[in-house]
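Survey of secondary and tertiary structure
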Amino acid sequence: MIPALQWSTLLICALVALLRLPAALRGENRSLFGIFVLAAFAMLLSIEPSYTSIDAWLGSSNYANLVLRFVIYGTVLLAGYKIARGFGAAASVRLLLGPVGLTALAVIAAATVVPFLMANTVGTAVGLAGLPDQSESNKELIRYYTASGRLYPAFVAACLLPPTVRAVRSTLPWLVRVGAAALSLGAAAMIVLAFGELLPPPLIFLQYYISSAAVLGLVGGLALIWLGKVVAHRASDRHNDSPDRHRAAGHQIVRSDEL
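Because the structure is a prediction, the values reported are computed rather than measured.

With that settled, consider the overall build of the protein chain. Within the protein chain, the secondary structure is distributed over 11 helices and zero strands. Secondary structure elements of the protein chain, listed N to C terminal, follow the sequence α-α-α-α-α-α-α-α-α-α-α. Relative to a compact globule of 259 residues, whose C-alpha radius of gyration would be 18 Å, the protein chain shows 20 Å and is just as compact. Counting only C-alpha atoms, the protein chain reaches 70 × 35 × 35 Å along its principal axes. Expressed as a percentage of the 259 residues in the protein chain, the buried residues total 45%. By sequence separation, contacts in the protein chain at least 24 residues apart represent 71% of the contacts at least 6 residues apart. Per element, the accessible surface of the protein chain, about 12800 Å² overall, is 69% carbon and sulfur. Averaging the locations of the 19 positively and 12 negatively charged side chains of the protein chain gives two centres separated by 11 Å.

Here's what the structure looks like:
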């Protein structure tokens, strides 16, 4: 069941990226296409066959897992910035890119790298759950590493929840509000995932579902907002609006061209 969920999530991310590719080739909001590609790559690194192949190329010491962590950090930072700008949330942008956000990123990055380098990670193991070295000290280092890797996405998600929830309750077009709801659910899943280590052993498998919900909420929400803009622009074209009104229709959905 879990592999099927992971493959389905990967296919959705890849499909959204492909749908966005023509616009990216025209030079339209290429960073949004980049978010979709990064999300798909993160899912690729989460699936056993591709993870095993990539990690073998990197030396079979689970450096693929470390790469995955930083791909996730880059994805959520870029997506967080775009979403905050798109909904005109200046306070969220300051939190993400101001002293607080940059300090959080630096500290969490260090807290991710240091335990990983201190641990014995030899022997490819997806999720680091089946490493050959099962000593208590090594398992403790892996727990620190895993917990640290979930902190930055949770921080970004906490910055995004206020503007996305406000958008859900606004009078924006329904597709945009549905997209904002998906983003809110994805952000909530990222925050919940940060406490995943507190789950009792029989429920640890729920982390996979929560993680997929976070990815699908992020990618699906951005895709729906993009679709809402496309629908609004086509409606404007059908009504032969003037250029000024056409631009206003796009800005009615979000407050900038970030999304």
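Once you've had a look at it, read on.
What follows concerns unusual backbone geometry. One non-glycine residue, Asn-29, lies in positive phi territory at about 50°. Even without being a glycine, Leu-128 presents a positive backbone phi close to 60°. Mapping Leu-128 onto the fold places it in the loop between α6 (99-118) and α7 (136-149).

A full pass over the atoms with the stated rule returns four salt bridges. Glu-136 serves as the salt-bridge partner of Lys-139, at 3.2 Å between the closest nitrogen and oxygen. Here Lys-139 pairs with Glu-136, and both are found in helix α7, just three residues apart, close to one helical turn. Assessed through its relative accessible area of 28%, Lys-139 is described here as partly exposed. Residue Glu-136 is classed as exposed on the basis of its relative accessible area of 53%. For the salt bridge of Glu-140 with Arg-143, the shortest nitrogen-to-oxygen distance reads 2.4 Å. Residue Glu-140 and its partner Arg-143 are located together in helix α7, separated by three residues, close to a single helical turn. For Glu-140, a relative accessible area of 30% puts it in the partly exposed group.

Glancing now at the packing of α6 against helix α8 (residues 151-168). Running from N to C, α6 and α8 point in directions that differ by 165°, and their axes come no closer than 10 Å. When the axes of α6 and α8 are compared, the pair comes out roughly antiparallel. Viewed along their axes, α6 and α8 form a crossing whose handedness is right-handed. From α6, Val-100, Gly-101, Ala-104, Leu-105 and Ile-108 reach across to α8, where they touch Leu-151, Tyr-152 and Phe-155. Partitioned by chemical class, the residues of the contact of α6 with α8 number seven nonpolar, one polar and no charged.

You can see Ser-148 is positioned in helix α7. Setting aside residues no more than four positions away along its own chain, Ser-148 makes contact with Tyr-73, Ile-108, Ala-111 and Thr-112.

Tallied over the full model, the rule gives six aromatic pairs. Ring centres of Tyr-73 and Tyr-152 lie 5.8 Å apart, and the angle between their planes is 75°; this geometry places the pair in the edge-to-face category. On the criterion of sequence distance, the pair formed by Tyr-73 in helix α4 (residues 63-86) and Tyr-152 in helix α8 is long-range, its members being 79 residues apart. Among the residues examined, Tyr-152 registers a relative accessible area of 0% and is labelled buried. Among the aromatic residues, those joined into a cluster by ring pairs are Phe-70, Tyr-73, Tyr-152 and Phe-155.

A surface patch of nonpolar side chains, about 610 Å² in accessible area, is lined by Phe-41, Trp-57, Leu-58, Tyr-63, Val-67 and Leu-117. Contributing elements (two or more residues each) for the nonpolar patch: α3 (48-58) and α4. Counting through the fold element by element, Leu-117 comes out in helix α6.

Calculation rules
- Residues numbered from 1 in each chain as written.
- Predicted model: local features only at pLDDT ≥ 70, side-chain atom pairs only at ≥ 80, totals over all residues.
- Heavy atoms only, no water.
- Helix = DSSP H or I, 4+ residues; strand = E, 2+ residues; numbered from the N terminus.
- Rg over C-alpha atoms; globule rule 2.2 N^0.38 Å.
- Buried < 20%, exposed > 50% of the residue type's maximum accessible area, 1.4 Å probe, protein only.
- Contact = heavy atoms within 4.5 Å.
- Areas by Shrake-Rupley, 256 points an atom, 1.4 Å probe, with all protein chains shown as cover.
- Lys, Arg positive; Asp, Glu negative; His and termini not counted.
- Charge placed at Lys NZ, Arg CZ, Asp CG, Glu CD.
- Salt bridge = Lys/Arg side-chain N within 4 Å of Asp/Glu carboxyl O.
- Axes fitted to C-alpha atoms, helices over the stretch in contact; angles between N-to-C directions.
- Parallel < 35°, antiparallel > 145°, perpendicular 65-115°, else oblique.
- Left-handed = near helix turned anticlockwise from the far one by under 90°.
- Nonpolar A, V, L, I, M, F, W, Y, C, P; charged D, E, K, R; others polar.
- Phe/Tyr/Trp six-rings, centres within 6.5 Å; stacked < 30°, edge-to-face > 60°.
- Patch = residues over 30% accessible without salt bridge, like charges linked within 9 Å, V, L, I, M, F, W, Y side chains within 5 Å.

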